[in-house]
Amino acid sequence: MNGRLILASNSATRRTLLVNAGLDPEIIPARVDESSIRASLQAEQASSRDIADALAEMKALRVSEKHPGALVLGCDQVLDVKGEVLAKPDSKDELRVQLDRLRGTQHSLLSAAVIYEDGKPLWRHVGVARLTMRPFSDTYRDDYIERNWDEVCHCVGGYMLEAEGVRLFSRIEGDYFTILGLPLLELLGYLTIKGVLPQ
């Protein structure tokens, strides 16, 4: 790999995806108040796509300003259900409410990635996947939360598709990496064109 790549995120999943693809990112989490930014954008009736993109951009910009010459990757993921944006659940009770909201219906996951260099945007992409939750029972819902809370409390929607969360679904349409939180194929394509990765 040629050049310095910084991942402006603490996400272990995103880091693992990048490392498995042959990249060696530095991890420098961006300090941004995501809740305030999201609330402000929602008050302005911004689309889910714009919210995801803006949050990813803010993270990339914040870290890029402090690390000249590096490519800085900012990422964010937003869950949209019929125009409503859901955030990461703060408690088991909140996750129960979210799963009831999603149960038996389709929602979209939007995963945004933005690359900055020297405080300027170079590339951006928002991947979209559509997922349909099956009409699971209240008993399964409650048992699922008890078994998985420590892992899924950091996940939008309260599930990890690479773990037991896959059992919540009846149909999935879209790119697997986008569902995990990073439009990886599009990112790798850009980094190859830029010369960061070999052709």
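Thresholds applied
Residues numbered from 1 in each chain as written. Predicted model: local features only at pLDDT ≥ 70, side-chain atom pairs only at ≥ 80, totals over all residues. Heavy atoms only, no water. Phe/Tyr/Trp six-rings, centres within 6.5 Å; stacked < 30°, edge-to-face > 60°. Helix = DSSP H or I, 4+ residues; strand = E, 2+ residues; numbered from the N terminus. Buried < 20%, exposed > 50% of the residue type's maximum accessible area, 1.4 Å probe, protein only. Lys NZ or Arg CZ within 6 Å of the ring centre and 35° of its normal. UniProt positions renumbered as here; feature names shortened; annotations may be inferred. Polar contact = N/O pair within 3.5 Å; in protein donor to acceptor, adjacent residues only side chain to side chain. Contact = heavy atoms within 4.5 Å. Axes fitted to C-alpha atoms, helices over the stretch in contact; angles between N-to-C directions. Left-handed = near helix turned anticlockwise from the far one by under 90°. Nonpolar A, V, L, I, M, F, W, Y, C, P; charged D, E, K, R; others polar.

1. Structural notes on the packing of aromatic side chains
- With the rule as written, the count across this model stands at 5 aromatic pairs.
- Ring centres of tryptophan 123 and tyrosine 190 lie 5.5 Å apart, and the angle between their planes is 20°; on these two criteria the pair is classed as stacked. Of this pair, tryptophan 123 sits in strand β6 (residues 120–133) while tyrosine 190 sits in helix α7 (residues 184–194), and the two are 67 residues apart along the sequence.
- By relative accessible area, which is 15% here, tryptophan 123 ends up buried.
- Exposure remark for tyrosine 190: the relative accessible area of 15% places this residue in the buried category.
- The ring of tyrosine 140 carries arginine 134 above its face, with NZ or CZ at 5.0 Å from the centroid.

2. A look at the UniProt feature "active site" (unreviewed entry) in the chain
- Per the UniProt entry, the sites bearing "active site" (unreviewed entry) are Asp76 in this numbering.
- Relative to the elements of secondary structure, aspartate 76 occurs in strand β3 (residues 71–81).
- Among the polar contacts made by the side chain of aspartate 76, one reaches the side chain of lysine 59 at a distance of 2.8 Å.

3. Topic: unusual backbone geometry
- Phi is positive for lysine 82, which is not a glycine, with a value near 50°.
- When you line up the elements, lysine 82 lands in the loop between β3 and β4 (84–86).
- Note on lysine 82: relative accessible area 67%, which makes it exposed.
- Not every positive phi belongs to a glycine, and aspartate 118 is a case in point at roughly 55°.
- Relative to the elements of secondary structure, aspartate 118 occurs in the loop between β5 (106–117) and β6.

4. Some details on the environment of leucine 95
- As for its position among the elements, leucine 95 is in helix α4 (residues 92–102).
- In this structure leucine 95 comes out as buried when scored by relative accessible area, which is 0%.
- As a C-alpha pair, leucine 95 and tyrosine 159 span 64 residues in sequence and 9.6 Å in three-dimensional space.
- Excluding residues within four positions of it along the chain, leucine 95 makes contact with Pro89, Ile145, Trp149, Val152, Gly157 and Gly158.

5. Some points on the packing of helix α2 (residues 34–43) against helix α3 (residues 48–64)
- Interaxial distance between α2 and α3 falls to 10 Å at its minimum, and their mutual angle equals 145°. Relative to α3, the crossing made by α2 is right-handed. Facing α2, whose interface residues are Glu34, Ile37, Arg38, Leu41 and Gln42, α3 presents Ile51, Ala54, Leu55, Met58 and Lys59.
- The residue inventory of the contact of α2 with α3, partitioned by class, reads 6 nonpolar, 1 polar and 3 charged.

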